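# Structure at a glance
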Amino acid sequence: MESLGNGTEDSLKNPDDPVDPSLQFLPASDAKKVKKKKFFVRAILVIILVILAAVTALLTGLLVWNFHLRNDVRIKKVFAGSLTVANRRFTDSYEDSSSAQFNELASHLSKQMKNMYSSVPLLSKYYVSSSIQAFSESGDGTVIAYYLSEFSVPEAEVSALDEAIQSSMRTTEPGQTRRLSLSRKPTNDLLINNMMSAAVDPRMVNSALKGHHKQSHHSRAGETDFIQSPGFPDSPYASNTYTEWRLRADPDHRLRLEFTVVDLENDCHKDFIRVYDSLIPSENHVMAEKCGHYTHKEQLVFLSSGNVMLVTLVTNEEKNFPGFRAKYSQVPAEIQGCGGKLTGMKGTFTSPGFPSSYPPQAQCVWNIEVPEGNHIILNFNKFSLNDPGQSPDNCTKDYLEVTGNRMCGEKFENVPLVIKTDKADIKFFSDMSHVDKGFSAEFETFKPFDRCSKKFHCENDACVSQKLRCDGYDDCGDMSDEKNCVCEESYIKCKNGFCKPKYWQCDGVNDCGDNTDEENCGYCKAGEVACRNGRCVSEQKKCDGHNDCEDGTDESMCAKSIVLTCSEFTFKCKNNMCISKQNPECDGHRDCEDGSDEEGCECGMTPYQSSRIVGGEAASEGYWPWQVSLHLKGRGHVCGASLISDLWLVTAAHCIQETNRYSWPEEWDVYLGLHSQSETNTANTVLKGVKQIICHPEYNPQLYNSDIALMELDSPVTLSQYIWPICLPSATQLLPTGQSVWITGWGKTREEGQLASVLQEAKVRIINETVCSQLIEDEVTPQMICAGILTGGVDACQGDSGGPMSFVDPTSGRCFLVGVVSWGEGCGRKGKPGIYTRVTKYRSWIREESGVLTEGGSSKLNDLDAEVSERWIL
Ligand code: ARG
């Protein structure tokens, strides 16, 4: 190895002597005073000149010295890449880095690479060395080599070096072959093509990393093997280490890697795992980066595009965690179901490998053809095509193209896609790096004329119940159900065309969505924002980075959060700083400087293979894994509850305090993971006893105020796909009027009806406090939250009490316990919403009593939900 290009060590020239040696000082004479005076003036001038010259010289010297010094601060820059050696056949001995064959080819290649770099002046100047890391077999049996090239470059030249590397690679684009050797014996040259190179993540070449460990594994047909972090599971991984696992499969196979445990520090800047679609840690081939804790519920399965894969683990100085364990095996390169012809009335198709993450560099094309005269409707049960840096507007990296329109990113709500022809071409594409879970889609057909039968036909081709026409909510998702409405007498007409109940006017909540109902209310003029503290500030001050409202309202819905003085409207980070963003917790963005808004976010995720879109009355099994059924011994189901950790439940105090007997823990049986009351001992169900019950000390049985209680299980429950805690909202979480939330339970299905056997679910909306107080005769306190469908028919009922009102954050897909079913006037009556305990008010009480810290929040609160499940009548 040779070190090149450190030619900037020119020594500094001494600056010229600042004093002019020709200057002569004349002797002073006592007799001639004038002469003496003149002499003094001259002397002072000379001294000033000398000082000025000295300062100038010093400054120039300093500048020159600083320039040289800066140029001497070198940065270690490592590039990782691969190339194909077109005139060498791969043999097994190339897999063994200690074999003679490996070393012969490696040294031959290193020499050629050095020659190649030396032909580009900028590269040769800063080149340090290259090392061949591994070989693998390409599709045509030739050799793929993986290398690292190190450069030592002045900071100012880093981008020029990057550019030089990229342009030198461009000359060996796929298909082009280069004879790179300057050797005089051309027969001995290696024919190199497909040369690619990308910088290695600086965290991986950090000089603090002391331990470097590398392992190689070859997966054999029919075998499953494991890799795990050093010391796992007996001891945590060590500090400041870099470990890599090179995995290979036979030709014409891919590698399948499945993480069974991932338990790392939560901050990916500190400890992280990376999976590469290469044998080298090249940025162009990163498939995924993971840190923190993953549960078995969140499947982490990766497929390589070829027959190699690399897993790396980097750890830093502080905090060592248990680490990871993963199994790997080889699977045939050909993936079933990647494209093809789909015919018939109905069918399904998924991204390659689904539910594993799709592999990089995949492309599938499906041609759907349904019987003539029919149209096609596509439903996505899962859609997750994220790639960092990809905008959902142009989808240039990983995407699904449906009849020419590209889709990417994440979709939590299933808005069906209607294709008004009987043929559709659908293409899936994944680029070289970063993979995601992919999609699972279902196609159906419909006859264009009876698409919505008796329902309202939205402009976007969705169908919604006629009842939802002109109800003031955008039920179609494109507002078409709210267009051309004649508002009834008791409604106002908003500027955007919505009809909203008159009594929602001037209540401080923007019910219209365009603020019409809050204009001219005497306190804020048009063009002003109403702050939560009652002030008014100009619209233009919104999101300008200044807290103009003084309570953060004008800065709370912005992309960037600002730090504010803490108040009841702000979120407090662990470091006691308060930020302006509304509901920043667990929204996938680090808003607090210390990242505390993204801590403890394992709660509230439902199994990802399920879809949350339903038109039916019964919930699918495992949809609401925090839903608990409380049985009184000898009486069966009486109340619901929500799991908030593996040990604690939240329920309603009135379930406990109805008779003295109910407050004895031994009276209760707790069913977790239950779906049907008639099948209480399935494999997914767990029965637990209760250790203690804590009712809220301020529970008022007359008013039903503070209707909340905690139950501690007699032993922790094992979490599973069917048993999983829900997130607790932080005290400052805000749910706007009209927000859709879900209620679930085994309560009565109508006021005079029977308890349900299978868990029921329904979507209701948050009702404004003022409106709720006007609609409900009994007192509604600030500790309560109202939700329902004012046209009636959808509500909780007897037997649902204690159960959850869950809010699904559309950004993260996470669920939050925003209410506990408490009371109502009858069930599902027109204009009579259900009343729920407002959980945000009890956040600190829950934490103090149970120690449960799981927090969360929501960010995007715009509701685009398609249809209310109206068939669930209580
Ligand atoms: N108190 C009832 C129970 O014990 C719950 C009633 C909820 N009623 C309603 N209309 N939302 O189960």
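In this convention, every chain numbers its residues from 1, walking through the sequence in written order. Confidence filtering applies because this is a predicted model: local features only for residues at pLDDT of at least 70, side-chain atom pairs given and counted only at 80 or more, and all residues used for totals across whole chains, interfaces and linings. Side-chain calculation: all heavy atoms of the structure are included, whereas hydrogens and water are not.

Looking up the chain in an unreviewed UniProt entry gives the name Suppressor of tumorigenicity 14 protein homolog, with the organism given as Hemibagrus wyckioides.

## Some remarks on the site of the ligand
Any residue with a heavy atom lying within 4 Å of a molecule or strand is counted as near it. Around the ligand, 15 residues are found, and the nearest of them are His654, Asp795, Gly799, Ser801 and Gly826. We define a polar contact as two N or O atoms separated by no more than 3.5 Å, with the added condition that, inside protein, one atom must be a possible hydrogen donor and the other a possible acceptor, whereas residues neighbouring each other in sequence contribute only through side-chain atom pairs. In this structure, a nitrogen atom belonging to the ligand sits 3.3 Å away from a main-chain N or O atom of Ala796. Gly826 is positioned such that a nitrogen or oxygen atom in its backbone is 2.9 Å from a nitrogen atom of the ligand. Here, Shrake-Rupley sampling with a 1.4 Å probe gives the accessible areas, and only protein chains in the shown set may cover a residue. When the ligand sits alone it has 350 Å² of accessible area, and the protein chains cover 92% of it. Only runs of H or I of at least four residues qualify as helices and only runs of E of at least two qualify as strands under DSSP, and these elements are numbered from the N terminus. For the shell around the ligand, the element with the most residues is strand E47 (residues 815-823), which contributes 3 residues. A per-class count over the shell around the ligand returns 5 nonpolar, 8 polar and 2 charged. In the scheme used here, Gly and all other residues not listed as nonpolar or charged are polar, with Ala, Val, Leu, Ile, Met, Phe, Trp, Tyr, Cys and Pro taken as nonpolar and Asp, Glu, Lys and Arg as charged.

## Observations regarding the sheet that holds strand E33 (residues 571-572)
Reading across the sheet, the 3 strands line up as E32-E34-E33 and stay open at both edges, with antiparallel pairing between neighbours. Two strands in the sheet have a free side with no partner beyond their single neighbour: strand E32 (563-564) and E33. For two strands to pair, DSSP has to find at least two bridges joining them. Where E33 and strand E34 (residues 578-579) come together, 2 bridges link them in antiparallel fashion. Residue Lys572 lies in a different strand from E34, and its bridge partner there is Cys578.

## Section: the pattern of salt bridges
The term salt bridge refers to a pairing of a side-chain nitrogen on Lys or Arg with a carboxyl oxygen on Asp or Glu at a separation within 4 Å. In this structure the tally under the stated criterion is 25 salt bridges. Linking Arg274 and Asp201 is a salt bridge whose minimum nitrogen-to-oxygen distance equals 3.3 Å. A residue pair is termed long-range when its members are at least 10 positions apart, and Arg274 in strand E10 (residues 272-276) and Asp201 in the loop between strand E5 (191-199) and strand E6 (211-218) qualify at 73 residues. The exposure classification of Arg274 matches that of Asp201, with both residues buried. Of the charged contacts in the structure, one is a salt bridge between Glu401 and Arg406, with a shortest N-O distance of 3.2 Å. Partly exposed residues are those whose accessible area sits between 20% and 50% of the maximum for their type, while under 20% is buried and over 50% is exposed, using a 1.4 Å probe and protein chains only.

## Some thoughts on the packing of aromatic side chains
For any pair of aromatic rings, the description rests on two quantities: the centre-to-centre distance and the angle between the ring planes. Under the pairing criterion, centres of Phe, Tyr and Trp rings, with the six-membered ring standing for Trp, must be within 6.5 Å; the plane angle then separates stacked pairs below 30 degrees from edge-to-face pairs above 60, leaving the rest tilted. In the structure shown here, the tally under the stated rule is 23 aromatic pairs. Between Tyr623 and Trp624, the aromatic rings sit 6.3 Å apart at their centres with planes inclined by 70°, giving edge-to-face as the arrangement. Trp624 shares its class with Tyr623; the two are buried. For the pair Tyr699 and Tyr704, a centre-to-centre distance of 6.4 Å together with 55° between the ring planes defines the contact as tilted. In textbook terms, an aromatic cluster arises when at least three aromatic residues are bridged by ring pairs, as seen for Phe349, Tyr358, Trp366, Phe380, Phe383, Phe428 and Phe439.

## Remarks on helix H2 (residues 100-118)
In this scheme, a helix's expected span is set at 1.5 Å multiplied by one less than its residue total. Compared with the 27 Å implied by 1.5 Å per residue over 19 residues, the 27 Å span of H2 between its first and last C-alpha is a close match. Regarding H2, the residues found buried are Phe102, Leu105, Ala106, His108, Leu109, Gln112, Met113, Met116 and Tyr117.

## Focus on the sheet that holds E6
One open sheet holds the 5 strands; their spatial order is E6-E8-E14-E10-E11, and the pairing between them is mixed. A strand with exactly one partner marks an edge of an open sheet, and here the two such strands are E6 and strand E11 (286-290). Taken pair by pair, the neighbouring strands of this sheet meet at an average axis angle of 15°, ignoring direction. Two elements, strand E8 (residues 241-248) and strand E14 (residues 308-314), share 7 bridges in a ladder whose sense is antiparallel. If you follow Trp245 over to E14, its bridge partner there is Val311. Between N-to-C directions, angles span 0 to 180 degrees; the directions come from axes that are lines fitted to C-alpha atoms, helices contributing only their stretch in contact.

## Focus on the nonpolar core
Think of a nonpolar core as a cluster: buried Ala, Val, Leu, Ile, Met, Phe, Trp, Tyr and Cys residues, connected wherever their side-chain atoms sit within 4.5 Å. Membership of the largest hydrophobic core comes to 51 residues, with the highest contact counts inside it found for Leu630, Ile644, Leu649, Trp668, Leu672 and Ile846. One finds Leu257, Phe259, Ala288 and Phe428 within the second-largest nonpolar core, a separate group that totals 47 residues.

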